[in-house]
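Each chain is listed here by its residues.
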Amino acid sequence: MAGVTLLLFLGVLAQWLAWRLQLPSIMLLLVFGLLAGPVTGLMDPDALFGDMLPVFVSLGVAVILFEGGINLRLEELKYTGDVVRNLITAGVLVTWVGGSILAFMFLDLPLMLSVLLGAIIVVSGPTVIGPLLRHVRLPHNTDATLEWESILIDPIGALLAVLVFEVIVTTSSPAAGTTIFLLGMIRMIIAGAVLGLAGAYFLIRMIRRFWIPDFLQNPFSLALVITVFTLSNYIAEESGLLAVTVMGIVLGNQRSVALRDIIEFKEDLRVLIISLLFIILTARLRISDLTVIDPGAVIFIVLLIVLVRPAAVMLSAMGSRLHLREKLFIAFMAPRGIVAAAVSSIFALRLSQSGYPMADKLVPLTFFVIIVTVFFYSALAAPMARILKIAEPRPSGFLIVGAHLLARKIGIALHDAGCRILLVDNQRANIKAARMAGLPCRYTNVFTDSIRLCGIGRLLALSPNDELNALAVLHYRKIFDHMEVFQLPPDVEEVHAEEVLPGHLRGRYLFDKRASFSYLYGRMLGTGIVKTVKLTENFKYEDFSRYYDNTDIPLFVIDSKGLVTPVTLDASVSLSPGHTLIALVAAKDNEQSPATVSRPQQPDYECKSPS
């Protein structure tokens, strides 16, 4: 009980600290695993899980790959499909051959064990690429290429490693080994593809015919994924990873049934499983394993990073639409993850039991590659994206629902304060007025998937329809975060009453308890203006409020770092000297708020692929 509790606590703590410190979560998970295992000895995963450890790891990886596959979109391959295809074919071959040669030259391993290690380190995986992509916002082409490669290369790398292992343990003849390799590859691909397609078709059929109630869709889909994975592995060893990946891709790209709840459930599982698996596998290391780290191992990993990966990417991206800057970023982004650790652990145990020489070095060498690549690429990702000028802006801007007079005045104040905004409305007159004011806007439905949210990570639901505001919040709270979706309070006296809008069906209420749309809009039609003022020691908020006869309603506060924070009913904000206040006030002496923006819009190309 203590061991499992410690495992869960450390996993969630690492994710939370990574979020607070703005670091890739994988780095902290590895650190926590090393501290809990080889450094302090608080956790022994082998004693904790026993023979169930390989089972738990395998099922966890299956769920992660299924979740990764279900989030892939085939339309993303329109511009990057050739690169992805080359990366999982020619790129895999270059990495395998290059890694095998380097292992044989610098690690003093037998030839076949070097070939096996080369096959194992082919994989990258969504367990490490996913958190990095969420930490560093990239152009769509770059992001899609890395995501597709990371998900497809895991089952391919696992199949490759299994086939090399079978050749090692079953034959010493090159001709016989080639036959075993080719037949095994065909068997695995057929088993994985057929069972993946069958599992997806079965789940779609069950949901479409309403044979599964809503409350059972998540557990049923999870059980089906595990069943497909296990059955495929039974038919052809390690083909289960391919099966669940195919199943996820098919489900994610069909349009006959809605799978949003299943996708959200799997995303939550992914975060927990990644946290547990990385700590478990890292904690299995021993201090004695450090003996494999010698000058040869250092040269091996350096050449793997600076020679093999760039060669594989440049060859795969030759003649593609990717810009040189995108190619360079992809060339220096190949951290290894869970699949490499799991596969090496399984094969090392089997080879050691068979008496194969130096098989005990396989796991520590693989983990050396994992730890170095994770830390190296995690530390390199953000600064390299900035240096290459492909990083998209931090998502601190606002998507504003509505382009009416009130929304336009607020939008002008935010835009002039340097905040990225986008107004969305389905009334042409409102959009025309927003364009005349120089505001970024779109004539569309706020619920469409075509809105490009570059640099935007918060929602301001300012429409006159309280129900529309609540629906927009429910739609975007999964895209942004619950704490980043805001709406106007409803036009009633008691805004805190749960019978008006229950807490789980609304966003955070903005500005003031009386600040309903009708109240704010009425003030705008009268003498109300949106005023921006810098607070100082000589002109504090109390002085500002007194000047406007205490009629002001604070809307936003901008701190000394330029971060814009909406004023809400559920949190207090600091109105200290040095901060900038945006407030609604009653105009005095013919004051007027700006009718147009005073600074140029940021160009759209900043949010697109350099190509």
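Check the entry above for the structure.
Residue numbering note: each chain is counted from 1, following its sequence as written. Local features in this predicted model are restricted to residues of pLDDT 70 or higher, and side-chain atom pairs are both shown and tallied only at a pLDDT of 80 or more, whereas totals for entire chains, interfaces and linings draw on every residue. Note: side-chain values were computed over all heavy atoms of the structure, leaving out hydrogens and water.

Enquirer: I would appreciate a short explanation of the overall build of the protein chain in the present structure.
Expert: Elements are defined by DSSP. Helices are runs of H or I of four residues or more, strands are runs of E of two residues or more, and each kind is numbered from the N terminus. From N to C terminus, the protein chain includes 22 helices and 10 strands. Buried means the residue's accessible area, taken with a 1.4 Å probe over protein chains only, is under 20% of the maximum for its type, while exposed means over 50%, and partly exposed covers the values in between. Buried residues in the protein chain amount to 54% of all 611 residues. Counting only contacts in the protein chain whose residues sit at least 6 apart along the sequence, the fraction spanning at least 24 positions is 76%. Throughout, a residue-residue contact means that at least one pair of heavy atoms, one from each residue, lies within 4.5 Å.

Enquirer: Honestly, a nonpolar patch on the surface in this entry has me stumped. Any pointers?
Expert: Taken together, Leu93, Val97, Ile101, Phe104, Met105, Leu111 and Met112 make up a surface patch of nonpolar side chains, about 650 Å² in accessible area. Of all elements in the fold, only α6 (90–106) and α7 (111–120) reach the threshold of two or more residues within the nonpolar patch. Per-element tally for the nonpolar patch: the top contributor is α6, with five residues. Of the residues examined, Leu111 reaches a relative accessible area of 52% and is grouped as exposed. Think of a patch as exposed residues, more than 30% relative accessible area, with no salt bridge, where like charges cluster within 9 Å and nonpolar side chains (Val, Leu, Ile, Met, Phe, Trp, Tyr) cluster within 5 Å. Surface accessibility in these figures is a Shrake-Rupley result with a 1.4 Å probe; residues are shielded only by whichever protein chains are displayed. We count a salt bridge whenever a side-chain nitrogen from Lys or Arg sits within 4 Å of a carboxyl oxygen from Asp or Glu.

Enquirer: Looking at this model, I keep getting lost on the nonpolar core. Mind explaining?
Expert: Considering soluble globular proteins, one finds that nonpolar side chains tend to be buried as a cluster. Working definition of a nonpolar core: buried Ala, Val, Leu, Ile, Met, Phe, Trp, Tyr and Cys residues. They are joined through side-chain atoms within 4.5 Å. Within the largest apolar cluster, 131 residues are counted, with the highest numbers of intra-cluster contacts made by Leu116, Leu117, Leu251, Phe300, Phe329 and Phe347. Per element, the largest residue contribution to this core is 14 residues, and it comes from helix α17 (residues 362–387). Counting 35 residues, the second-largest nonpolar core is a separate cluster that includes Cys441, Leu462, Leu520 and Met524.

Enquirer: Just to check I follow, could you spell out the sheet that holds strand β1 (residues 397–401) for this structure?
Expert: Within a beta sheet, neighbouring strands are joined by backbone hydrogen bonds and run either parallel or antiparallel to one another. A pair of strands is considered paired only if DSSP assigns at least 2 bridges between the two. Pairing is parallel across the open sheet formed by six strands, whose spatial order is β3-β2-β1-β4-β5-β6. The open sheet is flanked by β3 (441–443) and β6 (508–509), the only strands paired with a single partner. Where β1 and strand β2 (residues 421–425) come together, four bridges link them in parallel fashion. Paired with Leu399 across the strands is Leu422, a residue of β2. This element, helix α18 (residues 405–416), spans β1, β2 and β4 (456–461) of the sheet and lies at about 165° to β2. Think of each axis as a best-fit line through the C-alpha atoms, taken over the contacting stretch in the case of a helix, with angles from 0 to 180 degrees between the N-to-C directions.

Enquirer: Help me understand the pairing of β4, please; the structure alone is not making it clear to me.
Expert: Summarising burial for β4: six of the six residues are buried, a large majority. Relative to β4, β1 is paired through five bridges, and the arrangement is parallel. By the bridge assignment for β4, Gly397 is matched with Ile456. Where β4 meets strand β5 (residues 485–487), three bridges bridge the pair, whose relative direction is parallel.

Enquirer: Would you mind showing me how to read the side chain of Ser275 here?
Expert: Within the element layout of this structure, Ser275 appears in helix α13 (residues 260–283). The exposure class of Ser275 is buried, given its relative accessible area of 3%. Not counting the four nearest positions on each side in its chain, Ser275 is found in contact with Gly11, Gln15 and Leu29.

Enquirer: Would you explain the packing of aromatic side chains in this entry?
Expert: To describe a pair of aromatic rings, you give the distance between the ring centres and the angle between the ring planes. By convention, a stacked pair of Phe, Tyr or Trp rings (six-membered ring in the case of Trp) has centres within 6.5 Å and planes under 30 degrees apart, an edge-to-face pair has planes over 60 apart, and any other such pair is tilted. In the structure shown here, the tally under the stated rule is eight aromatic pairs. Taking 6.5 Å as the distance between ring centres and 35° as the angle between the ring planes, the aromatic pair formed by Tyr541 and Phe544 counts as tilted. Taken together, the residues span about one helical turn, with Tyr541 and Phe544 both in helix α22 (residues 541–547) at a distance of three residues. According to the relative accessible area criterion, Tyr541 is buried, its value standing at 17%.

Enquirer: Please explain the side chain of Ser150 as it appears in this structure.
Expert: In this fold, Ser150 is placed in helix α9 (residues 140–170). Here Ser150 falls in the buried class, since its relative accessible area comes to 1%. Among the polar contacts made by the side chain of Ser150, one reaches the main-chain carbonyl oxygen of Glu147 at a distance of 2.8 Å. Here a polar contact is recorded for every N or O atom pair within 3.5 Å, except that within protein the pair must consist of a potential hydrogen donor and a potential acceptor, and residues adjacent in sequence are included only if both atoms are side-chain atoms.

Enquirer: What should I look at first to understand the environment of Phe367 in this one?
Expert: Examined against the element boundaries, Phe367 turns out to sit in helix α17. When the C-alpha positions of Phe367 and Gly337 are compared, they lie 9.0 Å apart, and in sequence the two are 30 residues distant. For Phe367, the contacting residues outside a window of four places in its chain are Leu281, Thr282, Leu285 and Ala341.

Enquirer: What is the right way to look at the packing of α6 against helix α14 (residues 295–316) in this model?
Expert: Between two packed helices, the angle of one axis relative to the other and the distance separating the axes together describe the packing. Two elements in contact, α6 and α14, have axes whose closest approach is 9 Å; the angle formed by their N-to-C orientations is 160°. Regarding the angle of α6 to α14, the classification is roughly antiparallel. For the pair α6 and α14, the crossing hand works out as right-handed. Every residue of α14 that contacts α6 at Ala90, Gly91, Val94, Thr95, Gly98, Gly99, Leu102, Ala103 and Phe106 is listed here: Gly296, Ala297, Ile299, Phe300, Leu303, Leu304, Val308, Ala311, Ala312, Leu315 and Ser316. Angles are sorted into four bins: roughly parallel if under 35 degrees, roughly antiparallel if over 145, roughly perpendicular if 65 to 115, and oblique for all others. When the near helix sits turned anticlockwise from the far one by under a right angle, the crossing is termed left-handed; a clockwise turn instead gives a right-handed crossing.

Enquirer: Got a minute to help me understand the packing of α14 against α17 in this structure?
Expert: In contact at an axis separation of 11 Å, α14 and α17 are set at 50° when each is read in the N-to-C sense. What the angle tells us is that α14 and α17 run oblique. In terms of crossing hand, the pair formed by α14 and α17 is right-handed. Each of Ala297, Val298, Phe300, Ile301, Leu304, Ile305 and Arg309 in α14 lies in contact with α17, whose residues at this interface are Phe368, Val369, Val372, Thr373, Phe376 and Tyr377. Considering only residue class, the contact of α14 with α17 consists of 11 nonpolar, one polar and one charged. In this count, Pro and Cys sit with the nonpolar residues alongside Ala, Val, Leu, Ile, Met, Phe, Trp and Tyr, while Asp, Glu, Lys and Arg are called charged and the others, Gly among them, polar.

Enquirer: How should the sheet that holds strand β9 (residues 564–566) be read in this particular structure?
Expert: Taken in spatial order, the four strands line up as β7-β10-β8-β9 in an open sheet, and their pairing is antiparallel. The outermost strands of the open sheet, each flanked by one partner alone, are β7 (528–534) and β9. Pairwise comparison of adjacent strand axes, ignoring direction, gives a mean angle of 25° for this sheet. Strand direction decides the pairing type here: β7 and strand β10 (residues 580–586), joined by seven bridges, are antiparallel. Its bridge partner being in β10, Ile529 is matched across the sheet by Val585. Set on the sheet, α18 makes contact with β7, β8 (553–558), β9 and β10; between it and β7 the angle comes to about 15°. Along the sheet, helix α21 (residues 517–525) makes contact with β7, β8 and β10, crossing β10 at roughly 75°.

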